[in-house]
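Architecture and fold: a report
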Amino acid sequence: MRKGQRTQLLLTDDSTFVRKIQETHAPDGRYVDCKPILEIAEEIFDLAMAAEAKHIGATSMDTEGTPAAEQEQHKQHGDSDLFKGLSDIIKRLSMEIAYFDDVDMHSKTMSLLKSLSSYSWEAKLVLSLAAVALNYGERLLLTELYLSNNLPEPMAILKGMADIRSYSDMLKPRVSALNSLIKSILDLAKCVVEFAELLSESSSLDVKASSVATDAIISATYWTIRGAVSSANIAQLNTKIGFETISTAELWELSALGHKMVSMKERLQNQLTFLRNHVEEKKQRDAYATLVFLTLVQPKDKLQVLKVLLCPNEEEQLLYDASNKTTVKLDVLREKTVLLLISELDIQKDQDLVILSDIYKESRMHETSAENHYEVVWVPILDPSNKMTPDMEKILENNRTRMQWYSVNHPNKIDPLVIKLIREQFHYHDQPILVVLDPQGTVVNTNAIDMIWIWGNSGFPFSQASEEALWKDGVSGLELFVNGFHHETENWVKEGKYVVLYGGDDVDWIRNFALTTRQVKTAGHIPLEMLYAGRSNQRKQDMDNLIQLIWRERLSETLGDVNMISLFWNRIEHMKRSKIRLGSSRVGEDQDPVLQGITKLLSYDQNMGRWASLFKGNELVLTGYGNIMLDTMIRCSEALDENANKEFDVTFKECFDRFQTVDTPPIRLVLPCGYERNISVVSCIECSRVMEKYILFSCDHGKQ
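Along each chain, numbering runs from 1 in the same order as the chain's sequence is written. Totals for whole chains, interfaces and linings use all residues, but because this is a predicted model, local features are given only for residues with pLDDT of at least 70 and pairs of side-chain atoms are given and counted only at 80 or more. To get the side-chain values, all heavy atoms of the structure are used, and hydrogens and water are removed first.

The name an unreviewed UniProt entry gives the chain is Protein SIEVE ELEMENT OCCLUSION B, with Sesamum latifolium as the organism.

Shown next as C-alpha cells:
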C-alpha cells in the first residue's frame, strides 16, 4: 500500500470500515481465557523492552515501564493446560507476523483476523499479541547471546543481526517511541478484554448501545493487532543490519499508531465506565430483587432471614446481648416473634424507646404469658459511606446500656442493600420503626410502633392482622383516648357520666370555659366531669405553669403532669398513623368515626390551640373549636332552662350546630413523611372541601 493510502486508512474508522473487518468474523463458540494470556504477553514485552533499553544505555523507565532490575522478579506461570491447543496457533501466527514481504500492514492485519475468524474478538487480540510477544522473546534471547559473545559471529551474520550497542544514540529515540507504542497497545488490549467481558454480562443493554459497544470492540481489536504487527516489524528491523534504512513512512505510521492507540483507549475508557456502571447497577438490582424475595416474598427460615438482614458479611452470626453484656448467636431468636427496632444511632431521647422499654419489662414479669415469647433487636442505621468513629462507638455503647434486649453486633457492617430494603419496603424515614417477624420468619408488620403506643403488650403478636382486629373489636371512645392516663376514667364511664375532655394554652379561654362548664353542671344538675389534656407542642415550663394554675384554682381534673400529657399526645398521633397506615385512604368527612375524631382533635390542637370534646359515658358526642365550644356551653345553659327535660348531650349538639356558621380559622393537618402514600383524599373537617397539599419542614432542635 502506498503512503497516501496508508495515511488515509490510518485515519479511517467509519461504519463501512468496521463492516469490512466484521466480514472476517465467524465465531464457533470456542472459549479462550484471555486474561492469563495477556498477562504472559505483557511480561515478555516488559522483559524485552528492559533488556533492549539496557543494551543501548537507556532505562525502561524512560517509557514509563518497569526498571530492568525489577523484571527479575516475574511471575511463575505453572498452568500449562491453559495453552493446550493454543500454542500451535500462537507459533503459526508468530511465523506469519515475522515473515515480512511487500504486503502492507493493513493486509497483514486482515490476514491475521481471517486466520482467527472462529475466535471471539478479544481472543483474536490476545492470541495475536501472544504471537508478537513470542517473536519479541525469541529476538531478546538471540540478542542476549550475540551481545554476550555466546552466539558465534558467523551465525550472527547469517541472521543479519547488528550490534545495537554501536548505534545506541540513533536507536534511543526510536526504541523509546516503540516501547511507548507497545505500552499503549497493552493498555488498549486490557480495555478490550474487560470491555468484552462486561459486554457478555450486559444482557439488559439495549440494541443500539450493544451495537455501538460491539463496533468499539471490533475497531479496537483491529487497531491493536495492527499496532502490534507494526511494532513487531520495527522491533525486528532495529536489530538487523541496515536498520537505518527504515523509511520515514514506516516511522510516521509508528507515531500515528501510538496516537491512535491513546485516542482509542480514551474513547473506550468512557464506554467502559458506562458499561461498568450498567453492569454494577444490574448486579445491584438483581441482588436487591433476591434480597426482597428471600426476606419478604418467600422466606424459608427465620434465622436465614435474620442473617441476611442483620449480619450477612459475618461468618459468625452474633448479636450483642445488652442485659448480659456479651455476644450471643442468632439461635436465641429461634421460635420467637422478633421485633426489629430500626432507628438512627442516637435514639436515647426518643419516647418510642421509653414506651418499648416499659412494655418489654412488663412482658418479662410474667414468664408463662404469651407476651413473653417475643424478643427485640435494635438495628441502628448508619450512613454506609461513613466509617464508624470513636464518638459513634461511644453513642452505641451508651444506648446499649439503657436497653435490656439484643442489638446488631456490628451495625456498620449491615449491607447497603439491606438499608435500601429497610427504607423502601419498610418505609423507614429516620424515625424509629418496629418491624415484626413471626416465628416462621414472615414479616407480619412493617411498623408496630403505633401498636405499642396504643395497646402495649395487649397488641401481641403485633401483626397487622392483630392491629386490624384490635381496632375492630377493641376499646373505643373515651377509654381509647385516655386509657391509663387518669385513674377515675373507668368509673366515670361505668356511671355513664358526661366527660368534657379539653385542651389549649390560652389561659383566659381555659378559665372561662372551665367556669362556664361548671356553672352549667351545677345549674342543670348534670353528672359531668372535666379533664384537661394540655396542648401537643407547648413548652414544658409553660405547660407546667398551666397545670399548676388549673390545680390551684380547681378548674378541673388534668390527665397528669407534663410528661403524662406529652405521652397522651404522642399516643393520639400514633392512633392517627395506625389508622392511615391500615388503609383509611380518605381523611375528612367520609371516613370511620374514630379517625374523624382523632383528626379533629389533632387539627384543632395544632392550628387553634383550644378545643373540647364531649363524651356521654364512653361515646363521643362531638369535638369542636374552643371558641365555638365556649359559646355553645353558654347557649346550652339558657336552652336547658327553657327545656329541662331534654338530655344534656342532645341540647348541647343542637346549640353547637347553630354556631357552625361562625367562621373558623384555616384548618391544617400535618402528616409525617411517608404516610401520604396511603392517602388519596384529605377533606376539611369543617367544610368537607378537598384540602390543598403543601410541604412542611419542621425542626424541634432535638427535643422530643
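This part takes up the overall build of the chain. Within the chain, the secondary structure is distributed over 24 helices and 14 strands. Accessible area is worked out with a 1.4 Å probe on protein chains only. A residue is then buried under 20% of its type maximum, exposed over 50%, and partly exposed in between. Evaluated residue by residue, the chain yields a buried proportion of 50% over its 704 residues. Excluding contacts between residues fewer than 6 apart, the proportion of contacts in the chain whose partners are at least 24 apart in sequence is 72%. Only the protein chains shown count as covering a residue, and every accessible area follows the Shrake-Rupley method with a 1.4 Å probe. Surface exposure of the chain reaches about 34,600 Å², of which carbon and sulfur atoms provide 50%. Helix numbers and strand numbers start at the N terminus; a helix is a DSSP run of H or I with at least 4 residues, a strand a run of E with at least 2. Any two residues having at least one pair of non-hydrogen atoms within 4.5 Å are treated as being in contact.

The subject of this paragraph is helix α2 (residues 15-22). Turning to α2, its buried residues number three or more, namely Phe-17, Val-18 and Ile-21. In a view along the axis of α2, the buried residues occupy a sector of 100°, so they form one face of it. Arc definition: it is the arc formed by the directions from the helix axis to the C-beta atoms.

Further remarks concern the packing of helix α20 (residues 540-553) against helix α21 (residues 562-581). To describe two helices that pack against each other, one gives the angle between their axes and the distance between the axes. As a rule, the C-alpha atoms of each element are fitted with a line to give its axis, helices using only the stretch in contact, and angles between N-to-C directions run from 0 to 180 degrees. α21 packs onto α20 with a crossing angle of 110° between their chain directions and a minimal axis gap of 9 Å. Relative to α21, α20 is oriented roughly perpendicular. Like other packed secondary-structure pairs, α20 and α21 cross with a definite hand, here right-handed. In this structure, α20 contributes Lys-540, Met-543, Asp-544 and Ile-547 to the contact, and α21 contributes Val-562, Asn-563 and Ile-565. Following the grouping adopted for this structure description, the nonpolar residues are Ala, Val, Leu, Ile, Met, Phe, Trp, Tyr, Cys and Pro, the charged ones are Asp, Glu, Lys and Arg, and the polar ones are all others, Gly among them. Its residues assigned to classes, the contact of α20 with α21 comprises 4 nonpolar, 1 polar and 2 charged. For classification purposes, angles smaller than 35 degrees are called roughly parallel, those larger than 145 roughly antiparallel, those between 65 and 115 roughly perpendicular, and all remaining angles oblique. For any pair of crossing helices, the crossing counts as left-handed if the nearer helix is rotated counterclockwise from the farther one by less than a right angle, and right-handed if it is rotated clockwise.

The subject of this paragraph is the packing of aromatic side chains. The criterion for an aromatic pair is that two Phe, Tyr or Trp rings (for Trp, the six-membered ring) have centres within 6.5 Å, with stacked assigned to planes under 30 degrees apart, edge-to-face to planes over 60 apart and tilted to the rest. The full count for this structure, using the stated rule, is 20 aromatic pairs. Here the aromatic rings of Tyr-360 and Trp-405 are separated by 5.4 Å at their centres, their planes lie at 85°, and the arrangement is edge-to-face. Taken together, the residues Tyr-360 in helix α12 (residues 351-364) and Trp-405 in the loop between α13 (390-401) and β5 (406-408) connect sequence positions 45 residues apart. Each of the two residues, Tyr-360 as well as Trp-405, counts as buried. With 5.3 Å between their ring centres and 55° between their planes, Tyr-502 and Tyr-532 make a pair best called tilted. Linking Tyr-502 in strand β8 (residues 498-504) with Tyr-532 in strand β9 (residues 528-532), this pair joins segments that are 30 residues apart in sequence. Judged by relative accessible area, Tyr-502 falls into the buried class, the value being 0%. You can call Tyr-532 buried: its relative accessible area is 0%. An aromatic cluster of three or more residues is present, and its members are Tyr-360, Tyr-374, Trp-405, Phe-460 and Phe-462. Charge over a ring is defined by NZ of Lys or CZ of Arg lying within 6 Å of the ring centre and within 35 degrees of the ring normal. Over the face of the ring belonging to Tyr-374 we find Arg-364, whose NZ or CZ atom lies 5.4 Å from the ring centre.

We now examine the nonpolar core. As used in this record, nonpolar core signifies buried Ala, Val, Leu, Ile, Met, Phe, Trp, Tyr and Cys residues forming a set joined through side-chain atoms within 4.5 Å. Counting residues in each nonpolar core, the largest one holds 90 residues, and the members touching the most others are Leu-341, Trp-405, Ile-452, Tyr-502, Phe-513, Phe-568 and Phe-648. When residues in this core are grouped by element, the largest group, 7 residues, is from helix α23 (residues 626-642). Setting aside its immediate chain neighbours within four residues, Phe-648 contacts Tyr-498, Val-520, Ile-526, Leu-528, Leu-614, Met-633, Cys-636 and Leu-640. Ranked by size, the runner-up nonpolar core spans 69 residues in total, among them Trp-121, Leu-129, Ala-213 and Ala-220.

Turning next to the sheet that holds strand β7 (residues 443-445). Read from one edge to the other, the open sheet built from 7 strands follows the order β2-β1-β5-β4-β3-β6-β7, with strand pairing classed as mixed. Of all strands in the sheet, those bounded by a partner on one side alone are β2 (326-329) and β7. With direction set aside, neighbouring strand axes in the sheet form an average angle of 35°. Two strands qualify as a pair provided that DSSP identifies no fewer than 2 bridges between them. In terms of strand pairing, strand β1 (residues 318-321) meets β5 through 3 bridges, oriented antiparallel. Looking at the pairing, Leu-319 lines up with Val-408 of β5. Together, β1, β3 (337-344), β4 (374-381), β5 and β6 (433-437) form the strand contacts of helix α11 (residues 302-310), whose direction differs from that of β3 by roughly 10°. Against the sheet, α13 contacts β1, β4 and β5, and its axis sits at roughly 160° relative to β4.

What follows is about the sheet that holds β8. Spatial ordering of the open sheet is given by β10-β9-β8-β12-β13, a layout of 5 strands whose pairing is mixed. On the outer flanks of this sheet lie β10 (557-558) and β13 (619-625), each paired with one strand and no other. Relative to β9, β8 runs parallel, the two sharing 5 bridges. Looking at β9, one finds that Tyr-502 is bridged to Tyr-532. Packed onto the sheet, α20 meets β8, β9 and β10 and runs at close to 155° relative to β9.

Here Glu-122 lies in helix α6 (residues 121-147). C-alpha of Glu-122 to C-alpha of Ala-196: the two residues are 74 residues apart in sequence and 6.7 Å apart in space. In contact with Glu-122, other than residues within four places in its own chain, are Cys-34, Val-193 and Ala-196.

Moving on to the pattern of salt bridges. A carboxyl oxygen of Asp or Glu within 4 Å of a side-chain nitrogen of Lys or Arg is what we treat as a salt bridge. Enumeration over the complete set of coordinates arrives at 30 salt bridges. Because the salt bridges share partners, they merge into one network encompassing Lys-183, Asp-187 and Lys-265.

Averaged over every residue, the pLDDT of the chain is 81; the share at 70 or more is 78%. Below a pLDDT of 50 lies the segment residues 59-73, which in the model reaches 22 contacts outside its immediate sequence neighbourhood of four places, other chains included. Confidence of the prediction at every residue is given by pLDDT, a number between 0 and 100.

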